[in-house]
Amino acid sequence: MELYEAIYNRRIVRDFQDKTVPEEVLERIINAGLQAPTHDHLRNWEFVILQDKKDKEQALQFISNGVKPQLEILKQILVNGTPQQKMYAVAMPRQYSMLFNASHIIFPFFKSNSGVMHPTSVSSLNPLSSIWCVIENIFLAATAEGLACSMRIPVGDEGINVAAEVGAPDDYLLPCYIGLGYPADDKPFVEQVEYTAKQKMHFGKW
Ligand SMILES: Cc1cc2nc3c(=O)[nH]c(=O)nc-3n(C[C@H](O)[C@H](O)[C@H](O)COP(=O)(O)O)c2cc1C
């Protein structure tokens, strides 16, 4: 698949077929992640990958607590009636299933430093910024392989709890969970708010 085709076709998907992603495909996708730019030249990233249902259950046990604050946001959005409403309506009930039913869950860890959680400038966030470059590469590589990803941001202590559950060292943080799998044929269509480059470009001055 062409790069631009992968970029335009990439979508977060929350419904998957019951079909296993072959290990060599998984490896290609993680390798694509590892090609991302890195703030420290060291690519301090590690990936815990779960396929076994019991392992998934253990690692996802903290999600129900994490959903509560998001349900409040959901209510507000439903009242306001913005275009996000439909996305939330699709996403919120699937926060567990979109990971559990994926062929694999990828936990992309990055090595933290004292500044990440208490930033004094944008550069304090470099470790976090770098891992998001990795994550986007994973999304695009998955798309190029005919696969798709779901993604959840851990809420509150969820990330720390999951990290401990899967045995990550204390100085490694989890920015998100990624579900990887074959998209279900009957997955819901999630409307996007479309922009063109012309609307967003400011030549010379904003
Ligand atoms: C920083 C970030 C956090 C997100 N958090 C979640 C999440 O916790 N749960 C979820 O289902 N989707 C999450 N998403 C996915 C967005 O809902 C999705 O990217 C957005 O609706 C646009 O759709 P698209 O990715 O298919 O273009 C997140 C995306 C980003 C970039």
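Everything numeric in this text was worked out from a predicted model, so none of it was measured.

Caption draft 1: Structural context of the overall build of the protein. Scanning the protein from terminus to terminus reveals nine helices and five strands. Listed by position from the N terminus, the elements making up the protein come as α-α-β-α-α-α-α-β-α-β-α-β-β-α. Its C-alpha atoms give the protein a radius of gyration of 18 Å, near enough to 17 Å, the size a compact globule of 206 residues would have. For the protein, the spread of C-alpha atoms along the three principal axes comes to 45 × 40 × 40 Å. Counting across all 206 residues of the protein, residues that qualify as buried make up 25%. A separation threshold of at least 6 residues defines the contact pool for the protein, and within that pool the share at least 24 residues apart is 83%.

Caption draft 2: Quick peek at the site of the ligand. Near the ligand, the surroundings consist of Arg11, Ile12, Met87, Ala91, Met151, Arg152, Ile153 and Gln192. For the shell around the ligand, the secondary structure elements donating two or more residues are helix H5 (84–91) and strand E3 (148–152). Counted by class, the shell around the ligand contains five nonpolar, one polar and two charged residues.

Caption draft 3: Here's a closer look at the packing of helix H2 (residues 23–34) against helix H7 (residues 126–144). Viewed as axis vectors pointing N to C, H2 and H7 meet at an angle of 145°, and their least axial separation amounts to 7 Å. Note that H2 runs across H7; the crossing there is right-handed. Contacts between H2 and H7 pair Arg28, Ile29, Ala32 and Gly33 from the former with Val134, Asn137, Ile138, Ala141 and Ala142 from the latter. Looking at the contact of H2 with H7 residue by residue, the classes come out as six nonpolar, two polar and one charged.

Caption draft 4: Expanded view of the environment of tyrosine 96. In this structure, tyrosine 96 sits in the loop between H5 and helix H6 (97–100). Distance in space between the C-alpha atoms of tyrosine 96 and arginine 14 is 9.5 Å, their sequence separation being 82 residues. Residue contacts for tyrosine 96: discarding those within four places in its chain leaves Leu60 and Ile63.

Caption draft 5: How the structure looks around the environment of phenylalanine 62. Relative to the helices and strands, phenylalanine 62 is located in the loop between helix H3 (53–60) and helix H4 (63–80). When sequence neighbours within four positions are dropped, the list of residues in contact with phenylalanine 62 reads Glu158, Asn161 and Val162.

Caption draft 6: Quick look at the nonpolar core. The biggest cluster of nonpolar side chains holds 34 residues, and the ones touching the most others in it are Ile105, Phe107, Ile138, Ala142, Cys149, Ile178 and Leu180. In terms of residue count, H7 provides more of this core than any other element does, eight residues in total. Ignoring any residue separated from it by four or fewer positions in sequence, one finds alanine 142 in contact with Ile29, Leu147, Ala148, Cys149 and Leu180.

Here is what the cut-offs are and how they apply
Residues numbered from 1 in each chain as written. Predicted model: local features only at pLDDT ≥ 70, side-chain atom pairs only at ≥ 80, totals over all residues. Helix = DSSP H or I, 4+ residues; strand = E, 2+ residues; numbered from the N terminus. Rg over C-alpha atoms; globule rule 2.2 N^0.38 Å. Buried ≥ 20, exposed ≤ 12 C-beta atoms within 10 Å, placed from the backbone. Contact = placed C-beta atoms within 7 Å. Near = placed C-beta within 6 Å. Nonpolar A, V, L, I, M, F, W, Y, C, P; charged D, E, K, R; others polar. Axes fitted to C-alpha atoms, helices over the stretch in contact; angles between N-to-C directions. Left-handed = near helix turned anticlockwise from the far one by under 90°. Core = buried A, V, L, I, M, F, W, Y, C linked by C-beta atoms within 7 Å.

Everything listed here is a matter of geometry and, on its own, says nothing about what the molecule does.
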